[in-house]
Amino acid sequence: MPGASPPLLQFDRVSRHYGEVTAVDDVSLSVERGEFVALVGASGSGKSTLLKTVNRLVEPTAGRVLLEGADVTDGPAPALRHRIGYVFQGIGLFTHMSVAQNIALVPRLEGRHPPEGRIADLLQLVDLDPAMAGRYPDALSGGQRQRVGVARALAGEPPLLLMDEPFGALDPVTRDALGERVKRLHAELGLTTVMVTHDMAEALLLGTRVLVMDGGRIVADATPRELLAGGGGDVAQALVAVPRAQARALADLT
Ligand SMILES: Nc1ncnc2c1ncn2[C@@H]1O[C@H](COP(=O)(O)OP(=O)(O)OP(=O)(O)O)[C@@H](O)[C@H]1O
């Protein structure tokens, strides 16, 4: 279509080898603005490696990754990373900086000073009391730290949010609450999100689109509804069977 804007994110025949190991094997796909893509698969299937080719924590052995139509290797990596929010397990907050300083880090690196009230707004966005702005990460619970991580990732108003097992280390209740919050934020802020998880239930509940990886390849690309209706192929259905069996076992208890 002439004049149509390119997809927000595109993988064009991306592969990544580590010696004999093929972590990512010839992946091509596009992510449109507004999608919430859950990237799911067994341990070692290549999810994190594929995600990290986007913010250049991993360089592909072959192929290219395009953000808003431009090759991510076109400019310096730090400038690229300022356009991509990144939330990962353990989050990597700076312990010598307060919550407010951690959140303001990305805008400050770009020479911007967040306007008065912005930090409080961001804290409220992730359901944290703005009074926490002056605390240090050591004085927060794991779930609170993870919320600060989400606020920090959103502080630069990035067009793309990447999350790598963001809720992996949290207890189930906190995990569900934060998952729901992120889902609402995604919708309210009009974000485009790609989230790695090994948990199919989480992928089905949060994603608008679920990609299943196996042996470095994308073996299913379907909506949660399609997967729940039995689509997506054998690998996808083996993953869908897990939460289904749990739901059945719970129902049997009642
Ligand atoms: N830096 C590395 N050096 C060597 N091999 C690597 C490296 N990073 C990943 N691999 C290998 O590439 C494959 C894919 O790893 P990756 O971390 O992408 O999988 P994953 O699906 O994210 O797994 P998990 O769910 O366990 O995090 C694995 O076989 C892994 O051992």
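Residues numbered from 1 in each chain as written. Predicted model: local features only at pLDDT ≥ 70, side-chain atom pairs only at ≥ 80, totals over all residues. Heavy atoms only, no water.

As annotated in an unreviewed UniProt entry, the protein chain carries the name ATP-binding cassette domain-containing protein and is attributed to Aurantiacibacter spongiae. We quote the UniProt Sequence similarities (unreviewed entry) comment for the protein chain here in full: "Belongs to the ABC transporter superfamily." (UniProt positions renumbered as here; feature names shortened; annotations may be inferred.)

What follows concerns the sheet that holds strand 1 (residues 9-18). Overall, antiparallel pairing links the 4 strands, which are arranged 2-1-4-5 in an open sheet. A single partner strand is all that each edge strand has here, and the edge strands are strand 2 (21-31) and strand 5 (70-71). The pairing of strand 4 (residues 62-67) with strand 5 spans 2 bridges and is antiparallel. Bridge assignment links leucine 66 to a residue of strand 5, and that residue is aspartate 71. (Pairing = 2+ DSSP bridges. Helix = DSSP H or I, 4+ residues; strand = E, 2+ residues; numbered from the N terminus.)

So, on to the pattern of salt bridges. Under the criterion given, the structure shown has 10 salt bridges. A salt bridge links aspartate 127 to arginine 181, with the nearest nitrogen and oxygen atoms 3.3 Å apart. Note that aspartate 127 is positioned in the loop between helix 5 (118-125) and helix 6 (142-155) and arginine 181 in helix 7 (residues 172-188), a separation of 54 residues in sequence. Exposure remark for aspartate 127: the relative accessible area of 45% places this residue in the partly exposed category. The exposure class of arginine 181 is buried, given its relative accessible area of 7%. Measuring nitrogen to oxygen at the nearest pair gives 2.8 Å for the salt bridge that ties arginine 209 to aspartate 221. (Salt bridge = Lys/Arg side-chain N within 4 Å of Asp/Glu carboxyl O. Buried < 20%, exposed > 50% of the residue type's maximum accessible area, 1.4 Å probe, protein only.)

Our next topic: the site of the ligand. Looking at the ligand, the residues that line it are Tyr18, Val21, Ala23, Ala42, Ser43, Gly44, Ser45, Gly46, Lys47, Ser48 and Thr49. Contacts to the ligand include serine 45, whose backbone N or O atom sits 3.1 Å from an oxygen atom. Glycine 46 is positioned with one of its backbone polar atoms (N or O) 3.0 Å from an oxygen atom of the ligand. Here the ligand, which alone exposes 640 Å², has 57% of that area covered by the protein. Here the shell around the ligand is composed, by residue class, of 4 nonpolar, 6 polar and 1 charged. (Near = heavy atom within 4 Å. Polar contact = N/O pair within 3.5 Å; in protein donor to acceptor, adjacent residues only side chain to side chain. Areas by Shrake-Rupley, 256 points an atom, 1.4 Å probe, with all protein chains shown as cover. Nonpolar A, V, L, I, M, F, W, Y, C, P; charged D, E, K, R; others polar.)

With that out of the way, let us pick up the nonpolar core. Counting 43 residues, the largest nonpolar core has Ile103, Met200, Val212 and Leu227 as the members making the most contacts within it. The element that contributes the greatest number of residues to this core is helix 6, accounting for 6 residues. Excluding its chain neighbours within four sequence positions, the residues that come into contact with leucine 227 are Met200, Leu204, Val210, Ala222, Gly232, Ala236, Gln237, Val240 and Arg244. In this structure, Phe11, Leu50, Val196 and Met213 belong to the second largest nonpolar core, which totals 25 residues. (Core = buried A, V, L, I, M, F, W, Y, C linked by side-chain atoms within 4.5 Å. Contact = heavy atoms within 4.5 Å.)

Between its first and last C-alpha atoms helix 10 (residues 234-253) spans 29 Å; for 20 residues at 1.5 Å apiece the expected length is 28 Å, and the two agree. At alanine 241, helix 10 shows its strongest bend, of approximately 25°, with the proline proline 243 following within four residues. Within helix 10 the residues assigned to the buried category are Ala236, Leu239, Val240 and Pro243. (Expected span 1.5 Å × (residues − 1). Bend = angle between axes of the 7 residues up to and from the residue.)

Another aspect to go through is the pairing of strand 1. Examined bridge by bridge, strand 1 and strand 2 share 7 bridges and lie antiparallel to one another. Each residue of the ladder has a partner; that of tyrosine 18, found in strand 2, is valine 21. Counting the residues between successive antiparallel strands, the hairpin from strand 1 to strand 2 contains 2 residues, one of them, glycine 19, with a positive phi of roughly 55°. Pairing geometry for strand 1 and strand 4, over 5 bridges, is antiparallel. Paired with aspartate 12 across the strands is arginine 64, a residue of strand 4.

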